[in-house]
Amino acid sequence: SERAALAAAGFVAPAALHSFSNAERVCAATGYQVVKGFLIVEVAAAGQKIEGAAAPCDGPSLLALRHWWNDAAGTWLDFTPLVPGEQAWGGTRLLVEAASGDKPLRPLGTAGRAFACALAARLSECSDP
């Protein structure tokens with residue numbers, strides 16, 4: 001399996017919400033090409049009440065995250081968990097390849113880190129059964 005091949009190459013624990021470095025590490029370990037784009041996740045179903053919202057959702061609430069994954073001879077493989085310990089977050093993932101999926105080469109600033117931490121906390125809440 002792909003996971004066994006990665007483990008044999010020393011890639012054991014992908015970091016949650018770190019798809020850029022995870023995809024690059026998989027590429028270095030296996031040669032699988034990096035694919036850049038977005039991951040679309042459903043964070044609330046139709047009719048679900050979201051904390052702080054005035055009313056339940058009219059339809060599903062979706063979130064697009066800039067995300068990288070790998071291509072193994074035409075098969076897309078995404079090893080990045082959205083939250084620590086996640087195996088299959090919220091079911092099927094929708095990956096969308098896009099030229100705008102590249103990321104700036106600078107580290108996140110204070111506001112960017114605060115946003116990323118808040119988003120990770122919200123995704124953790126969404127993944128609770």
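Our subject in this report is the structure included herewith. Everything numeric in this text was worked out from a predicted model, so none of it was measured.

1. Topic: the pattern of salt bridges
Thinking step 1. Applying the stated rule across the entire model yields 1 salt bridge.
Thinking step 2. Asp102 serves as the salt-bridge partner of Lys36, at 3.3 Å between the closest nitrogen and oxygen. With a gap of 66 residues between them, Lys36 in strand β1 (residues 33-44) and Asp102 in the loop between β4 (94-97) and α3 (110-126) connect regions that are remote in the sequence.
Thinking step 3. On the basis of relative accessible area, Asp102 is assigned to the partly exposed category, the value being 39%.

2. Quick notes on helix α2 (residues 19-30)
Thinking step 1. With 12 residues, α2 extends 16 Å between its outermost C-alpha atoms, agreeing within 8% with the 16 Å of an ideal straight helix rising 1.5 Å per residue.
Thinking step 2. Just downstream of α2, Gly31 is the residue with a positive phi angle, here 85 degrees.

3. Thoughts on the nonpolar core
Thinking step 1. Among the nonpolar cores identified, the biggest contains 9 residues, and these are Val35, Leu39, Val41, Val43, Leu65, Trp69, Leu82, Leu95 and Leu119.
Thinking step 2. Of all the elements in the fold, those that place two or more residues in this core are β1 and β2 (61-72).
Thinking step 3. Take this core: its biggest share by element is 4 residues, from β1.
Thinking step 4. One finds Leu6, Ala72, Leu77 and Phe79 within the second-largest nonpolar core, a separate group that totals 6 residues.

4. Here's the deal with the packing of aromatic side chains
Thinking step 1. Enumeration according to the criterion identifies 2 aromatic pairs in this entry.
Thinking step 2. When the ring of Phe20 is compared with that of Trp68, the centres are 4.7 Å apart and the planes differ by 70 degrees; the resulting orientation is edge-to-face. Placement of Phe20 in helix α2 and of Trp68 in strand β2 is noted, with a sequence separation of 48 residues between them.
Thinking step 3. Overall, the relative accessible area of 22% leaves Phe20 in the partly exposed class.
Thinking step 4. What makes Trp68 buried here is its relative accessible area of 4%.
Thinking step 5. Residue placement shows Lys36 over the ring face of Trp68; its charged tip is 4.5 Å from the ring centre.

5. Let's talk about the environment of Pro60
Thinking step 1. Tracing the sequence through the fold places Pro60 in the loop between β1 and β2.
Thinking step 2. Between the C-alpha atoms of Pro60 and Glu42, which are 18 residues apart in sequence, the distance is 6.7 Å.

6. So, the pairing of β2
Thinking step 1. With 3 bridges joining them, β2 and strand β3 (residues 75-77) adopt antiparallel strand pairing. Within the sheet, the bridge partner assigned to Asn70 lies in β3 and is Leu77.
Thinking step 2. Counting the residues that bridge the hairpin from β2 to β3 gives 2 residues, and of these Ala73 lies at a positive phi of roughly 55 degrees.

7. Considerations on the side chain of Thr80
Thinking step 1. Locating Thr80 in the fold gives a position in the loop between β3 and β4.
Thinking step 2. Side-chain polar atoms of Thr80 contact the side chain of Asn22, separated by 3.0 Å.

8. Details of unusual backbone geometry
Outside of glycine, negative phi angles account for most residues, and trans bonds account for most peptide bonds.
Thinking step 1. Although it is not a glycine, Leu17 sits at a positive phi angle of roughly 60 degrees.
Thinking step 2. Note that Leu17 resides in the loop between α1 (2-8) and α2.
Thinking step 3. Its relative accessible area of 32% is what places Leu17 among the partly exposed residues.
Thinking step 4. The phi dihedral of Ala73 falls on the positive side, at around 55 degrees, and the residue is not glycine.
Thinking step 5. Assignment of secondary structure puts Ala73 in the loop between β2 and β3.
Thinking step 6. Of the residues examined, Ala73 reaches a relative accessible area of 87% and is grouped as exposed.

Definitions and cut-offs
Residues numbered from 1 in each chain as written. Predicted model: local features only at pLDDT ≥ 70, side-chain atom pairs only at ≥ 80, totals over all residues. Heavy atoms only, no water. Salt bridge = Lys/Arg side-chain N within 4 Å of Asp/Glu carboxyl O. Helix = DSSP H or I, 4+ residues; strand = E, 2+ residues; numbered from the N terminus. Buried < 20%, exposed > 50% of the residue type's maximum accessible area, 1.4 Å probe, protein only. Expected span 1.5 Å × (residues − 1). Core = buried A, V, L, I, M, F, W, Y, C linked by side-chain atoms within 4.5 Å. Phe/Tyr/Trp six-rings, centres within 6.5 Å; stacked < 30°, edge-to-face > 60°. Lys NZ or Arg CZ within 6 Å of the ring centre and 35° of its normal. Pairing = 2+ DSSP bridges. Polar contact = N/O pair within 3.5 Å; in protein donor to acceptor, adjacent residues only side chain to side chain.

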